[in-house]
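# A structural walkthrough
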Amino acid sequence: MAKIRVETTINGEETEFLCNGQESLLEVLRDGIGMTGTKEGCTTGDCGACSVVVDGRLVPSCLVLAAEAQGRNVETIEGVADGQKLTPIQQQFLEHGALQCGICTPGFIVAAEKLLEKNPDPTEAEARYFLAGNLCRCTGYDKIIKAVLDAAAVMREERA
Amino acid sequence: MSAAPDTSDRKFKQVGSRPIRHDGLDKVTGRARFGADFTLPGTLQGVFVRSPHAHAKILGIDTSKAEKVPGVKAVITAADFPELPMHWITQGPAGVDAGANQRVILAREKVLYHGHAFAAVAAATREIAIEAGKLIEVEWEVLQPVLSIDQALADGAPILHEGQATEGMGPPVEGDTNITNQIVFEGGDLEAGWAEADVVVEGVFETPMVHQGYIEPHACLVNAREDGTSEIWCATQGPFGVKNETATLTGSDPASVKVTPSEIGGGFGGKIPVYLEPAALLLSRKAGRPVKMTMTREEVFRGTGPTSGSKTHIKIGAKSDGTLVAAECQLDFEAGCFRGSPVGAACMTTLSPYVIPNFRVLGRDIVLNKPRVAAYRAPGAPVGAFAAESLLDELARKLGRDPIEFRLQNAVEEGDRASYGPKFGPIGFKETLEAAKAHPQYKAELGEHQGRGVAAGFWFNAGMQSSATVSVNSDGSAVVRTGNPDIGGSRASMALMCAEELGIDVTRVRPMVGDTDSVGYCDATGGSRVTYATGMAVIDATRQVIDHLRARAATMLDVELDSIEWQDGNAVAVNGSADKGSLSLEEIAKKMGATGGPVVASASVSPPAAGPGFGVHVCDLEVDPETGVTRVLRYLVVQDAGKAIHPTYVEGQFQGGAAQGIGWALNEEYIWDADGKVENAGFLDYRVPVASDLPMIDTVIVEVPNPLHPYGVRGVGETPIVPPLGAVANAMRDATGVRFHSLPMSPPRVLEALEEAD
């Protein structure tokens, strides 16, 4: 079967790849392009480990067909930091110890960046509900939520 | 090294601080490489082919059609393994059975649960391998599945393993049986104990099979090379276990197998067993190509080891003044399809937190047609504590006592004998209860439909074998190397202990996890043992490095070795040589080449014991009587850590264990259909707690030093999952007036129970 040629933008860089019709964006990112920062936890859209942003929308990349990336703007964990500079969310995750094993961390950070973009001053409940699609089995979420709320405060200060 | 902890007079400089973990940067940027992130040129994809039956004899397997599919490079069945007999070898409270382990990976005579793998295929793509697997023809003799403890014990029940006798102690079992093992602990005079009791409570408590629920599915890459050696990259808690087990099950020389552990995306005990690697090795050998195997989430639920479902009969008696006098319990544990449930540990832990002079505990390990269980955080202990702590709550109510006061009255302390034999050394149970009592949450007001529950629990923690190597760089920085995968921040704690001894900043120490060829043997990351045992090896190796550095300094300063003391990262001449001054670590390191060469030291430990960890949890919750939905309002974990090396990650263990326990109490369970198929093999239906299900989880770290570790460390990883089942159930009782005897207390069950109570 002929492969589909897809032209897309990943983390600001124009990228092209070949894929099968049934391949997910997650599979192509990880196995095709070698960007393994996006993690697979379930392939059914239930765990959030593969969270990416497509045209500004937070999605589980396991539920997006790779061919759907045609002409779109894909943002992954590898594109979150600004060159050598971590974002406040990444920095707060480190300072709070908001990760233990770290497998859910890329998905949480991608999702939390989107949360704070939409809502710069979330309440604890708003953060918990926005991030309810990202599973963490190690931390009990306490330090993750604190890291996100503190990052929001840091970002508000930076903007002020 | 010194046996007694030097915490009393020691001012720690690094230990107890909260540095950013060394592997953190890679984990927040996506650079960290987990099990599924490795590949090699020419890698094939391997998949298992799994049983559509829960219990069936394999009369024949024909793989010829699958082998002919274009792109298929290898197909294996159990016949490709050297046949190992099923033979249980008891080792301490646990045991091993290589024959059973091999049959877990690929079924031989029978499939024993729905989803049991019986063949594996390696092909150019995963899709080709899956499609080819469907062409494998099996002649089955389908048997009736055994799906519950009651079914397994019923007269005329189908027998999973014919001719398997019941081992151990306890009442005799005649004929073929699904009871594989019995364990008994007893003390005092039970009849006399009951005669003394003024109040007796009893009940039957049941818990379902639940899964560890790590977010990373199992994954490995195996390269079998032409010279018979092989390389494995995989996510595991124990790379040496993978090495030895893969060699044993495939009939290879262990020396030929090298295992490089990846970062590991959670394990909680479930990544101690080996599922993929031996099959991937056989596929790689057959195909002459590297083979990668990754499980789907569904396979993780169906085909790896959850923890046991259980049924516990328990009875406890107390005098009217609150003194416990007698207890009896029978713990029946589902082992899954081969023996080896954690019922032994459950028997050891259920009554041990309390002084109960007259007791008897019987544990039974029962096989049935479900996946063979694996370890899950304090294996067995949460189940026993659920039963015991529920009844203690009832006793406190009947006696009109505060639940913490009641536990304080009966709590074990140093010198008391645990129900499984040994006397406790210094332990922090009473201190932990006192701290819970003093916490503001314990006095917070409760509203309508709200309740508070208290429960305690303990885990003995493991010691086992560990080793570490410390080397000094020419700039005076250091590297500490161990063989324990870092599952929750252990690199940081290894570096902190090394830095503490050397007297340098923790950022000057690089911790690393080595492959099995580059580090000494380490038992698995499990048993809450790494900061304790591997940490001891790190401290010992660092002290040896310091001895080397002192000797180099003595040469450089031209004084006797005895005149050099190590102080805060400097070799200082003392006594009559004080005028010779001192040398910094950097100065000594710079001259290593001229004073004897690189400075490096290794140490190994094999502590037979560890210091037990006690925890007390307080759960405040609210039940919605309309929907049966339970919301946890506040949650407190108080636990004795001995000495917290990196308090952030100690708190993280407390919080994570509590969250898993809350999930177990309120939501999680395997749901089976009548044929033995798991109906909820995915995260949508097997619902682990999500962020919006939980409140902040408050923590108090109690520090009663453990005399077995030079800094007083106790393992902290497992104890936090022991109390929550009881704490939540006791809070439910407080909120609703209903005593729940079976888990999970999910909304439909809560509604049903509330309606029955009306």
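Use the structure listed above.
As the structure is a computational prediction, the values presented were derived from the model and not from experiment. (Residues numbered from 1 in each chain as written. Chains lettered and ligands numbered in written order. Predicted model: local features only at pLDDT ≥ 70, side-chain atom pairs only at ≥ 80, totals over all residues. Heavy atoms only, no water.)

Attention shifts here to the side chain of Asn358 of chain B. All names here are of chain B. Turning to its location among the elements, Asn358 is positioned in strand S18 (residues 358-367). Among the polar contacts listed, one links the side chain of Asn358 to the backbone oxygen of Val325, at a separation of 2.9 Å. Residue contacts for Asn358: discarding those within four places in its chain leaves Gly187, Gly188, Asp189, Leu190, Gly193, Glu196, Val325, Ala326 and Ala327. (Helix = DSSP H or I, 4+ residues; strand = E, 2+ residues; numbered from the N terminus. Polar contact = N/O pair within 3.5 Å; in protein donor to acceptor, adjacent residues only side chain to side chain. Contact = heavy atoms within 4.5 Å.)

What follows deals with the pairing of strand S10 (residues 179-187) of chain B. All names here are of chain B. Of all 9 residues making up S10, 7 are buried, and the element is well covered by its neighbours. Sheet topology places strand S9 (residues 167-168) next to S10; 2 bridges connect them, and they run parallel. Each bridged residue has a counterpart across the sheet, and for Gly168 the counterpart in S10 is Gln182. Pairing of S10 with S18 involves 8 bridges; the strand directions are antiparallel. The residue of S18 that forms the bridge with Gln182 is Arg364. (Buried < 20%, exposed > 50% of the residue type's maximum accessible area, 1.4 Å probe, protein only. Pairing = 2+ DSSP bridges.)

The biggest cluster of nonpolar side chains holds 202 residues, and the ones touching the most others in it are Phe93 of chain A together with Met293, Tyr635, Val728 and Met745 of chain B. Per-element accounting of this core gives the leading share, 11 residues, to helix H11 (residues 381-399) of chain B. (Core = buried A, V, L, I, M, F, W, Y, C linked by side-chain atoms within 4.5 Å.)

We now examine unusual backbone geometry. Here Leu743 of chain B and Pro744 of chain B are connected by a cis peptide whose omega angle stands at 0°. Note on placement: Pro744 of chain B falls in the loop between helix H19 (724-736) and helix H20 (747-757). Unlike most non-glycine residues, Asn11 of chain A shows phi in positive territory, near 50°. Along the chain, Asn11 of chain A falls in the loop between strand S1 (4-10) and strand S2 (13-19).

All names here are of chain B. Strand order in the open sheet made by the 4 strands is S22-S21-S20-S26, with mixed pairing throughout. Among the strands making up the open sheet, the edge pair consists of strand S22 (509-513) and strand S26 (600-605). Averaged over neighbouring strand pairs, the angle between their axes works out to 15° when direction is ignored. In this structure, strand S21 (residues 478-482) lies alongside S22, joined through 5 bridges in parallel fashion. Bridge pairing in S22 links Arg481 to Met512. (Axes fitted to C-alpha atoms, helices over the stretch in contact; angles between N-to-C directions.)

Residue and element names in this part refer to chain B. Counted by the stated rule, this structure contains 20 aromatic pairs over all chains. Ring centres 5.7 Å apart and planes at 85° place the aromatic pair Phe301 and Phe683 in the edge-to-face group. Of this pair, Phe301 sits in helix H9 (residues 297-303) while Phe683 sits in the loop between helix H18 (647-666) and strand S29 (697-702); the two residues are 382 residues apart in sequence, bridging distant segments of the chain. A single burial state applies to Phe301 and to Phe683, both of which are buried. (Phe/Tyr/Trp six-rings, centres within 6.5 Å; stacked < 30°, edge-to-face > 60°.)

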